[in-house]
Amino acid sequence: MRIVCIGGGPAGLYFGLLMKKENPAHHVTVVERNKPYDTFGWGVVFSDATMDNMRAWDIETAQEIESAFNHWDDIEVLIKGRRMRTTGHGFVGIGRKKLLNILQARCEELGVELVFEREVDSDLEFPDADLIIASDGINSKIRNRYNDAFKPDLVMRPNRFIWLGSSKSFDAFTFDFRRTEHGWFQAHIYKFDDKTSTFIIETTEDVFAAHGLDKADEARSIAFCEELFSEVLEGASLMSNARHMRGSAWLNFGRLICGKWSHFNGKNHVVLMGDAAHTAHFAIGSGTKLALEDAIELTRQFRKAGATPDKIPEVLAAYEEVRAVDVARIQNAARNAMEWFEVVGSRYADTLEPEQFMYSLLTRSQRISHENLRVRDKTWLEGYERWFAARDGINIDPDGPPVPPMFTPYRVRGLTLSNRIVMSPMAMYSAKDGVPNDFHLVHFGSRALGGAGLLFGEMTCVSPDARITPGCLGLWNDEQTAAWKRIVDFVHTTTSAKFGLQLGHAGRKGSTRVAWEGMDQPLEEGNWPLISASALPYMPNSQVPHAMMRADMDRVKADFVAATKRGIEVGFDIIELHFAHGYLLSCFLSPLTNERTDEYGGSHENNARYPLEVFRAIREVWPQDKPISVRLSCHDWTEGGNTSADAAIYAKMFKDAGADLVDCSSGQVSKAEKPVYGRLFQTPFSDKLRNEVGIATVAVGAISEADHANSIIAAGRADLCALARPHLADMAWTLHEAAKIGVKSIAWPKQYLSAKVQYETNLARAAAGPSPS
């Protein structure tokens, strides 16, 4: 084949040498606009997995790179006058210039044609090529020529950064956070040879402008940074290698995702590789890794299918299918880390104590978890666990094992929970006329025995017409009150768990069938009239609600207050108001469901007016020593709907009105929603509200392991973790997870103690593996 790689970065050079090595008969050309051996940039970071891959494909290149590596294990964090260090993280770095020089030399050795100082404007300049690799970077001219085919999504992120070097050799991957009179700057620092370190400095756009750096030339910018980071530089200078750049040396990072990676231009097959196809923020250092692994995967597919022109379409399709998955995973982690640094000043540096700040930094991508930190640096993590527990008032035995964060108590108003695990409200659709029955006694009682610190009953409706389905629970009459009291009394007298009441009104989502007979589908008979903020049905075939009038508002508010008073009689420990998921009060908050033009619609203040009215009426009658939580849909996942920014505004309003916690859910407001699911996918909403608004939060959504809960609580991303389906699958989820992570101090019900030792022993045997025969 005739192969042309446009762009002589890591992707183009490495693919070129791999294909030439696979078959010397291939004619491979790499075209680069710069001079030979004249490259720009400082150091790049590799992972062990990438090096394993490179050894398998070209041992000679791998050995050359490894001989030039600088390796370090430690991460050091400087903030607020503190200097903290942890080990076991395993980084390797190499100068970008050295890396490219190694790849160029290997290309020459194998017979790859290298063409320098040629600016390529179009793929059509190579009409005889069978395959054109567009590896010409984020501003790829080739990709831009075929925007309709490649469908690039390029978003310029808000922070400013400058990529410098330092003559000081740092012995750890160092993060230095410095506050000025205008805000925070942070430096990402790592060595890449014996004498030089990469020194990336980042800040927000407003801080950048407030210091006049938008008007500063490169020399002034460097002088400013040298003074700001003088403590960590210890007299060393900062250097620039950006003489090839035009304009300011301060840049905005461009996050790139492409909808398609290959295109046939009528003569040649063109495929994207490296930064031309995707970018990953420098916060996790994976850009070079992705480029090299792109090259490996495309070579692998040619080896598998055959490296002939007729196989190119098949190979490119397979390449994109495989790489899109791995790139999406890395980009997701990079996005989490990138967004952490974009808000680090106001959200974390200003609010968290240095110890918790460091934990949050280490777990920012959500790829590194609590137990992963234990593997990396057990001493550091156990020290942090002891600090966390002591901060919460636990007397620590210095010789005993520390208490993991999820098993520390939580206090709010007069309520103390024995641990941070919550059984989330889940509709069981098993009541008759709203009355809890034996099913609910067993359902809630068994989960209370299973170790959760707090249970919430499913959304409990304040009137018959407030129900979602005929099977929903209620609290509007004496029979329901007595039945609820039976359950709550059992939980209180038999377990240490606390019990919460979630009150709600279905609104336009009411009068539907139970889930297993058709989720959200209207009843075939026996329907009741619906109300909502506006006369908009949930689905095209749903009943159309009527827009609430003032009389409706007064009646519903009175129903909520009456149910609250019954909740006091029952003995619930906490109350949660359901202002999420497209139910009645949620519909006032979202512009998707509130089209009112009166004082109850049109602005945040107007949209929240009636929900706040209901909240205040409940706060007035609910005991002052008992907390109130509010469940919010923190993102509607629908164009034109609420986002986390709107959720923060509403959370502040409810906090000011007396709310103690926000239960951070999302979606279910519109059937047009397109949620982005994933592990812990709603936790960022909790993180934002807790650390920006300053209100305690409950994280919920795709949390399924103790490791997840410990990571969230330890990092300060939430105060409590709520789990729904895991509690359906395992009634004793909390006790079992404690045993799985080796925590033996958690009490089991006395009736079940004989099973505790056996369960822990069986786990230990399974972990040890089969005994030798």
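As the structure is a prediction and not an experimental result, all values here were calculated from the model. (Residues numbered from 1 in each chain as written. Predicted model: local features only at pLDDT ≥ 70, side-chain atom pairs only at ≥ 80, totals over all residues. Heavy atoms only, no water.)

Re unusual backbone geometry
Of note, the phi angle at Ser-511 is positive, near 60°, even though the residue is not glycine. Inspection of the secondary structure assignment puts Ser-511 in the loop between β23 (498-504) and β24 (531-532). The buried category is assigned to Ser-511, whose relative accessible area is 1%. (Helix = DSSP H or I, 4+ residues; strand = E, 2+ residues; numbered from the N terminus. Buried < 20%, exposed > 50% of the residue type's maximum accessible area, 1.4 Å probe, protein only.)

Structural notes on helix α22 (residues 683-693)
Within α22, nine of the 11 residues are buried, which leaves it mostly tucked inside the rest of the structure. All of the buried residues along α22 are Thr-683, Phe-685, Ser-686, Asp-687, Lys-688, Leu-689, Arg-690, Asn-691 and Val-693. Among the structural elements, α12 (344-349), α21 (644-657), β28 (661-665), β29 (696-700) and α23 (706-714) are those in contact with the buried residues of α22. (Contact = heavy atoms within 4.5 Å.)

As for the pattern of salt bridges
Enumeration according to the criterion identifies 59 salt bridges in this entry. The salt bridge involving Asp-478 is made with Arg-566; its shortest N-O contact spans 2.9 Å. Remark: Arg-566 occurs in helix α18 (residues 550-570) and Asp-478 occurs in helix α17 (residues 478-494); sequence separation between them is 88 residues. As a salt-bridge pair, Lys-671 and Asp-520 come within 3.3 Å of each other at their nearest N and O atoms. You can see Lys-671 sitting in the loop between β28 and α22 and its partner Asp-520 sitting in the loop between β23 and β24, a full 151 residues away along the chain. Put simply, Asp-74, Glu-76, Arg-83, Arg-85, Asp-171, Asp-176, Arg-178 and Glu-231 are held in one network by salt bridges that share partners. (Salt bridge = Lys/Arg side-chain N within 4 Å of Asp/Glu carboxyl O.)

A word on the sheet that holds strand β8 (residues 113-115)
Reading across from one edge, β8-β2-β1-β9-β17-β16 is the order of the six strands in this open sheet, with mixed pairing throughout. The sheet terminates laterally at β8 and β16 (262-264), the two strands that pair on one side only. Strand after strand, the sheet turns through a mean of 20° between neighbouring axes, direction not considered. Bridge count for β16 against strand β17 (residues 269-272) is three bridges, and the pairing is antiparallel. Across the sheet, the residue bridging to Ser-262 is Val-271, located in β17. Helix α1 (residues 10-22) contacts β1 (2-6), β2 (27-31), β8 and β9 (131-134) of the sheet and is inclined by roughly 165° relative to β1. (Pairing = 2+ DSSP bridges. Axes fitted to C-alpha atoms, helices over the stretch in contact; angles between N-to-C directions.)

Structural notes on the packing of helix α13 (residues 354-362) against helix α15 (residues 378-391)
Put simply, α13 and α15 touch, their axes get as near as 10 Å, and they point 130° apart. With respect to α15, the axis of α13 lies oblique. Here α13 and α15 pass one another in a crossing that is left-handed. Here Glu-355, Gln-356, Met-358, Tyr-359 and Leu-362 of α13 come into contact with α15, specifically with Trp-380, Leu-381, Tyr-384, Trp-387, Phe-388 and Arg-391. Here the contact of α13 with α15 is composed, by residue class, of eight nonpolar, one polar and two charged. (Parallel < 35°, antiparallel > 145°, perpendicular 65-115°, else oblique. Left-handed = near helix turned anticlockwise from the far one by under 90°. Nonpolar A, V, L, I, M, F, W, Y, C, P; charged D, E, K, R; others polar.)

Brief notes about the nonpolar core
In this structure, Tyr-14, Phe-15, Phe-46, Phe-177, Leu-298, Phe-357 and Leu-632 are the most contacted members of the largest nonpolar core, which totals 199 residues. The leading source of residues in this core is helix α11 (residues 312-342), at 11 residues. Among all residues touching Phe-15, those that are not within four sequence positions of it are Ile-3, Cys-5, Leu-131, Ile-133, Met-273, Ala-295, Leu-298, Thr-299 and Phe-302. Listed in part, the 23 residues of the second largest apolar core include Phe-185, Ile-201, Ile-222 and Phe-229. (Core = buried A, V, L, I, M, F, W, Y, C linked by side-chain atoms within 4.5 Å.)

Re the environment of Leu-503
Along the polypeptide, Leu-503 turns up in strand β23. As for Leu-503 and Glu-576, which are separated by 73 residues in sequence, their C-alpha atoms are 6.2 Å apart. With residues near it in sequence (within four places) discarded, Leu-503 still touches Met-459, Thr-460, Val-462, Phe-560, Ala-563, Thr-564, Ile-575, Glu-576, Leu-577 and His-578.

Some words on the sheet that holds strand β7 (residues 91-95)
Taken in spatial order, the three strands line up as β3-β7-β4 in an open sheet, and their pairing is antiparallel. The outermost strands of the open sheet, each flanked by one partner alone, are β3 (43-46) and β4 (70-72). Strand-to-strand twist of the sheet, defined as the mean angle between neighbouring strand axes without regard to direction, takes the value 30°. One ladder, built from four bridges, connects β3 with β7; its direction is antiparallel.

What to know about the packing of α1 against helix α10 (residues 287-305)
Across the interface, α1 lies against α10 with an axial gap of 8 Å and an inter-helix angle of 25°. When the interaxial angle is binned, α1 and α10 end up roughly parallel. When the axes of α1 and α10 are compared, the crossing they make is right-handed. Residues Pro-10, Ala-11, Tyr-14, Phe-15, Leu-18, Met-19 and Glu-22 of α1 pack against Thr-288, Ala-291, Leu-292, Ala-295, Ile-296, Leu-298, Thr-299, Phe-302 and Arg-303 of α10. Taken together, the residues of the contact of α1 with α10 break down into 12 nonpolar, two polar and two charged.

Overview of the packing of aromatic side chains
Under the counting rule described, the total for this entry stands at 39 aromatic pairs. When the ring of Tyr-429 is compared with that of Trp-516, the centres are 6.0 Å apart and the planes differ by 75°; the resulting orientation is edge-to-face. With Tyr-429 in the loop between β20 (421-423) and α16 (438-449) and Trp-516 in the loop between β23 and β24, this residue pair connects regions lying 87 residues apart in the sequence. Of the residues examined, Tyr-429 reaches a relative accessible area of 13% and is grouped as buried. Trp-516 gets classed as exposed once you look at its relative accessible area, which sits at 60%. Relative to Phe-499, the ring of Phe-444 has its centre 5.2 Å away and its plane inclined at 65°; by these criteria the two rings are edge-to-face. Taken as a pair, Phe-444 in helix α16 and Phe-499 in strand β23 lie far apart in primary sequence, 55 residues in all. (Phe/Tyr/Trp six-rings, centres within 6.5 Å; stacked < 30°, edge-to-face > 60°.)

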